[in-house]
Amino acid sequence: MTQQALTANPAYTDDRIQVLNHCDTFAILNRWGNIASGGKGVEGLYSRDTRFLNRLEMLLNGLRPDLLSSNIKEENEILSVDLINPYMVLADGRSLAPGIVHLRRSQFVQEDFFHEKLELKNYGSEAVTLEISFYFGSDFKDIFEVRGLARSVKGELQGIQFPDNRSLRLPYYGLDQVQRVSIIEFSKEFSGRDNDAVVFFRFTLAPGQTERLDYSIYFGQNNKVHKTFLSYAQARTLLEPALRKNNAYFPLLETANEQFNHWIHRSQVDLVSLMADTPYGKYPYAGVPWYNTAFGRDGLITALQTLWIAPGLAKDVLLYLSALQATTADPATDAEPGKILHETRQGEMVALKEVPFQQYYGTIDATPLFLILAGAYYERTADLETISKIWPNIIAALQWIDTYGDLDGDGFVEYQHKAENGLSNQAWKDSYDAVSYSTGLLATPPLALCEVQGYVYAAKRYVAQLGARLGEPAEWSTRLLREAETLKKAFNKAFWDEGLKCFVIALDGAKKACNIKSSNAGQLLFTGIVEDELAARLVKTLMQPDMFNGWGIRTLSVSEKRYNPMSYHNGSVWPHDVSLIALGFARYGFKEEAMQLVTGLFDASLFIPFQRLPELFCGFERRKGEGPTAYPVACSPQAWSVSAVFLLLDAMLQMKIDVEQKEIRFQAPCLPGYLERVSIKGLIVDHHFVHLEVVRQQDDHQISIYWKDQPRDWRLVLVR
């Protein structure tokens, strides 16, 4: 991520904000369906890292209608707003009491488009003549400007254009010599207009009469403009198949708990809304508003979280990142041969190299995570064809770890940024102050982060297994396994701090321990690098009140100098982080503690609008009868946050699908008391779709497994 150097208006998290998103396009609106901030906040219509509209305001006779309700529909595709007229004096001098005229706004976004349907109905006993006015404004700010980066010079806003009496254009010519334009086209001709991008429509409504007005907004670049604008109904019809296609990646998950079911469903539709089309398949964009683009680390972790239920998404992520893997060294973008992408951007500022993120590689962990996903994907699917296709990319990533990742040849992978405007910290905690010593002083790079060593350990083990499947010499795979074991021994010795009873967050450039207690240590467990005798002590440490706040594991212990529950990485709680830790707890056999983390995040979801877990929330201690405290500018929806529920289910079920052995194995599954049953319908298993049901028996709380549509020669194994 690139959060640390930027600021944003905290009004984004106000509950009056509504978010719509689809691929590269998203809308941030107030509850009236308007954008009334005029560019002072984050509200707007965005496409491809540019805010194309910073004002979209609908008024009734010059007044803002009164709000009845404002809801995002259950499938996450439409904002539905119910409004009524306030008290007003009509043009003929009559008074109109409140609540006589009902207005319904239905809005949605598609790639490069925003669509709205407005319906008006007169519930009065007399005819009324009303005027609807729309105010439009554009600032064409780059997403980094909206986030707080100042620019001394900008392109040219070229004035409002009215090609005809039902459309208008707001053009901008950027310093990157790209023409960007917002084109608004209505279903009816204007009753009036002015040169400040205001248009008017007059309606005379008889008693009981309904009128309708549709419009579409297209966000274009370099005169690549759609010749035909679709009606609201036509565009809505096209959106539904796209949603069905994305949902087809997932089986039907249901439990005996309706609230948990809603959490699952909301998480799936949120993730589907972030799944963008690429030439290589779907890719889960990181999150709205700041990260609505492809991030390597985020996409990889999201794919890992959903791998057990949606292996097709993992395949697409692997193909996309393989295609964008660095092939040359470029200090300006922190690129090195074999390195996996950190992020890609499309706006004016990256084109002008004002920020280095057009294709930026400043990440230490995406490359080993890529290898982990490749190995885990093969374990889940036995898809040797895909692995063979990306094998050169896998080898290049492995070589990057040994050639560029280990800067000083000590066996640990570390980072030190090179790009002038790049990230100083290059793991998932990328805030400038995320790594420190116990004194509170910031750590001196290059830094070897603890969880990165775990990723490398798991990556080498996975690649050794893949090499054996692809016919690499036995000694080649043996060497990788030996390197992994050497790393494990060296790591447990160098990173364990007996005083903390925890692994330190990092070693600095002088191999001095950054001896603070952080959630990074928790992620080590899912990689398998932790020695068994240290695992129990680590779990106990992480579940103490200074780390576990009742909702999840804090990113930093309360006892540390830099602890701040309202910080981005120094005391907050991140759902994706907690889900990875829960998986690690379960894999090492600490089921009770894993269930505590599952329950903490589930309980948190019940207090959060839509049960949509945000990017992060504040790390204050859980207070009875209250939900977690919101972080001011957290992204929501955020891919790896909404996908946390799927990894938590994985931690509970501990299900392994072994295609080569034709076996589905449940390794000591565990369900909390509020989940008596988990049903998985349409789970893909070796080109078959099966139905599994996991049930906790009421009499002895033992787990039983049932399945339907069993593939031939497959067996089901339950280890209690």
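Residues numbered from 1 in each chain as written. Predicted model: local features only at pLDDT ≥ 70, side-chain atom pairs only at ≥ 80, totals over all residues. Heavy atoms only, no water.

A few words on the side chain of aspartate 658. You can see aspartate 658 is positioned in strand 30 (residues 655-658). One buried charged residue, aspartate 658, forms no salt bridge at all, with the nearest opposite charge on lysine 656 at 4.8 Å. A polar side-chain atom of aspartate 658 sits 3.0 Å from the main-chain amide nitrogen of glutamine 661. In this structure aspartate 658 touches Glu379, Glu663 and Trp714, once residues within four positions along its chain are discounted. (Helix = DSSP H or I, 4+ residues; strand = E, 2+ residues; numbered from the N terminus. Buried < 20%, exposed > 50% of the residue type's maximum accessible area, 1.4 Å probe, protein only. Lys, Arg positive; Asp, Glu negative; His and termini not counted. Salt bridge = Lys/Arg side-chain N within 4 Å of Asp/Glu carboxyl O. Polar contact = N/O pair within 3.5 Å; in protein donor to acceptor, adjacent residues only side chain to side chain. Contact = heavy atoms within 4.5 Å.)

A word on the pattern of salt bridges. On inspection of all chains with the given rule, the structure shows 39 salt bridges. We note a salt bridge from arginine 48 to glutamate 111, for which the minimum N-O separation is 2.9 Å. You can see arginine 48 sitting in the loop between strand 3 (44-47) and strand 4 (50-53) and its partner glutamate 111 sitting in the loop between strand 10 (101-110) and strand 11 (113-122), a full 63 residues away along the chain. Its relative accessible area of 21% is what places arginine 48 among the partly exposed residues. Overall, glutamate 111 belongs to the partly exposed group, its relative accessible area being 23%. Across the salt bridge formed by arginine 212 and aspartate 214, the nearest N and O atoms sit 2.9 Å from each other.

This part takes up a nonpolar patch on the surface. Together, Val153, Leu175 and Leu352 give the surface a local cluster of nonpolar side chains, amounting to about 220 Å² of exposed area. Overall, the relative accessible area of 30% leaves leucine 352 in the partly exposed class. (Patch = residues over 30% accessible without salt bridge, like charges linked within 9 Å, V, L, I, M, F, W, Y side chains within 5 Å. Areas by Shrake-Rupley, 256 points an atom, 1.4 Å probe, with all protein chains shown as cover.)

Another point: the sheet that holds strand 20 (residues 252-255). Strand order across the open sheet formed by four strands is 20-32-33-34, with antiparallel pairing between neighbours. Lying at the two open borders of the sheet, with one neighbouring strand each, are strand 20 and strand 34 (703-708). This sheet shows a mean twist of 20° between the axes of neighbouring strands, independent of strand direction. Both strand 32 (residues 677-685) and strand 33 (residues 688-696) contribute to a ladder of eight bridges, which runs antiparallel. Across the sheet, lysine 681 pairs through a bridge with histidine 691, a residue of strand 33. (Pairing = 2+ DSSP bridges. Axes fitted to C-alpha atoms, helices over the stretch in contact; angles between N-to-C directions.)

For the bond running from valine 288 to proline 289, omega is 5°, close enough to zero to count as cis. Examined against the element boundaries, proline 289 turns out to sit in the loop between strand 22 (281-284) and helix 4 (296-306). If you check the backbone angles, asparagine 61 has positive phi at about 50° while not being a glycine. As for its position among the elements, asparagine 61 is in the loop between strand 5 (55-60) and strand 6 (66-72). Looking at asparagine 61, the relative accessible area reads 25%, which means it is partly exposed. Phi at phenylalanine 610 takes a positive value of approximately 65°, unusual for a residue other than glycine.

Our focus in this paragraph is the state of the cysteines. Counting across every chain of the model gives zero disulfides. With no disulfide of its own, cysteine 502 has cysteine 450 as its nearest cysteine by sulfur position, at a separation of 7.5 Å. No disulfide involves cysteine 618; its sulfur sits 15 Å from the nearest other cysteine sulfur, which is in cysteine 635. Note on cysteine 618: relative accessible area 3%, which makes it buried. (Disulfide = S-S within 2.5 Å.)

All right, on to the packing of aromatic side chains then. Evaluated as defined, the whole model comprises 40 aromatic pairs. Centre to centre, the rings of phenylalanine 52 and phenylalanine 219 are 5.3 Å apart; their planes meet at 50°, and the pair counts as tilted. On the criterion of sequence distance, the pair formed by phenylalanine 52 in strand 4 and phenylalanine 219 in strand 19 (residues 210-221) is long-range, its members being 167 residues apart. Phenylalanine 219 matches phenylalanine 52 in its accessibility class, with the two residues each being buried. Between phenylalanine 190 and phenylalanine 201, the aromatic rings sit 5.7 Å apart at their centres with planes inclined by 70°, giving edge-to-face as the arrangement. A residue pair is termed long-range when its members are at least 10 positions apart, and phenylalanine 190 in the loop between strand 16 (179-186) and strand 17 (192-194) and phenylalanine 201 in strand 18 (residues 198-205) qualify at 11 residues. Taken together, the aromatic side chains of Phe114, Phe134, Phe136, Phe162, Phe186, Phe190, Phe201 and Tyr215 make up a single cluster linked through ring pairs. (Phe/Tyr/Trp six-rings, centres within 6.5 Å; stacked < 30°, edge-to-face > 60°.)

Below, the discussion takes up helix 3 (residues 258-274). For an α-helix, 3.6 residues make a turn, and residues three or four places apart therefore share a direction. For helix 3, with 17 residues, the first-to-last C-alpha span of 24 Å sits near the 24 Å given by 1.5 Å per residue. Summarising burial for helix 3: 13 of the 17 residues are buried, a large majority. The backbone nitrogen of glutamine 259 lies 2.9 Å from a side-chain oxygen of the residue at the head of helix 3, namely asparagine 257. (Expected span 1.5 Å × (residues − 1).)

Turning to the packing of helix 7 (residues 366-381) against helix 8 (residues 384-405), a few remarks are in order. Running from N to C, helix 7 and helix 8 cross one another at 150°; their axes reach a closest spacing of 10 Å. As judged from the angle between their axes, helix 7 and helix 8 are roughly antiparallel. Here the hand of the crossing between helix 7 and helix 8 comes out left-handed. Contact with helix 7, carried on its side by Thr367, Pro368, Phe370, Leu371, Ala374, Tyr377 and Tyr378, involves Leu384, Thr386, Ile387, Ile390, Asn393, Ile394, Ala397, Leu398, Trp400 and Ile401 of helix 8 and no other residues of that element. Looking at the contact of helix 7 with helix 8 residue by residue, the class counts come to 14 nonpolar, three polar and no charged. (Parallel < 35°, antiparallel > 145°, perpendicular 65-115°, else oblique. Left-handed = near helix turned anticlockwise from the far one by under 90°. Nonpolar A, V, L, I, M, F, W, Y, C, P; charged D, E, K, R; others polar.)

So, about the packing of helix 13 (residues 575-587) against helix 16 (residues 644-653). How two helices pack is summed up by the angle between their axes together with the distance between the axes. Axis separation between helix 13 and helix 16 bottoms out at 9 Å; the angle between their running directions is 10°. Classified by the interaxial angle, the pair formed by helix 13 and helix 16 is roughly parallel. Contacts between helix 13 and helix 16 involve Pro575, His576, Ser579, Leu580, Ala582, Leu583 and Ala586 from the first element and Ala644, Leu647, Leu648, Asp650 and Ala651 from the second. For the contact of helix 13 with helix 16, a count of residues per class yields nine nonpolar, two polar and one charged.

Looking now at the side chain of aspartate 24. Mapped onto the secondary structure, aspartate 24 falls in the loop between strand 1 (18-22) and strand 2 (25-29). The exposure class assigned to aspartate 24 is buried, which follows from its relative accessible area of 8%. Ignoring sequence-local partners within four residues, the contact set of aspartate 24 consists of Tyr46, Ser47, Arg48, Glu111, Tyr285, Asn292 and Gln346.

Judged from the six bridges that link them, strand 33 and strand 34 form a sheet pairing that is antiparallel. By the bridge assignment, valine 695 is partnered in strand 34 with serine 704. Between the antiparallel neighbours strand 33 and strand 34 lie six residues, among them histidine 701 with a positive phi of about 60°.

With that out of the way, let us pick up helix 10 (residues 474-495). Helix length check: helix 10, at 22 residues, gives a terminal C-alpha distance of 31 Å against a target of 32 Å (1.5 Å per residue), a fit within 8%. Those residues of helix 10 that sit buried are Trp476, Ser477, Leu480, Ala484, Leu487, Lys488, Phe491, Asn492 and Phe495. The arc enclosing the buried residues of helix 10, seen along the axis, measures out at 140°, which places them on a common side. With respect to the buried face of helix 10, the exposed residues turned more than 90 degrees away are Ala474, Glu475, Thr486, Lys489 and Lys493. (Arc of directions from axis to C-beta.)

This part covers the pairing of strand 22. Judged from the four bridges that link them, strand 21 (residues 275-278) and strand 22 form a sheet pairing that is antiparallel. Across the sheet, alanine 276 pairs through a bridge with tyrosine 283, a residue of strand 22.

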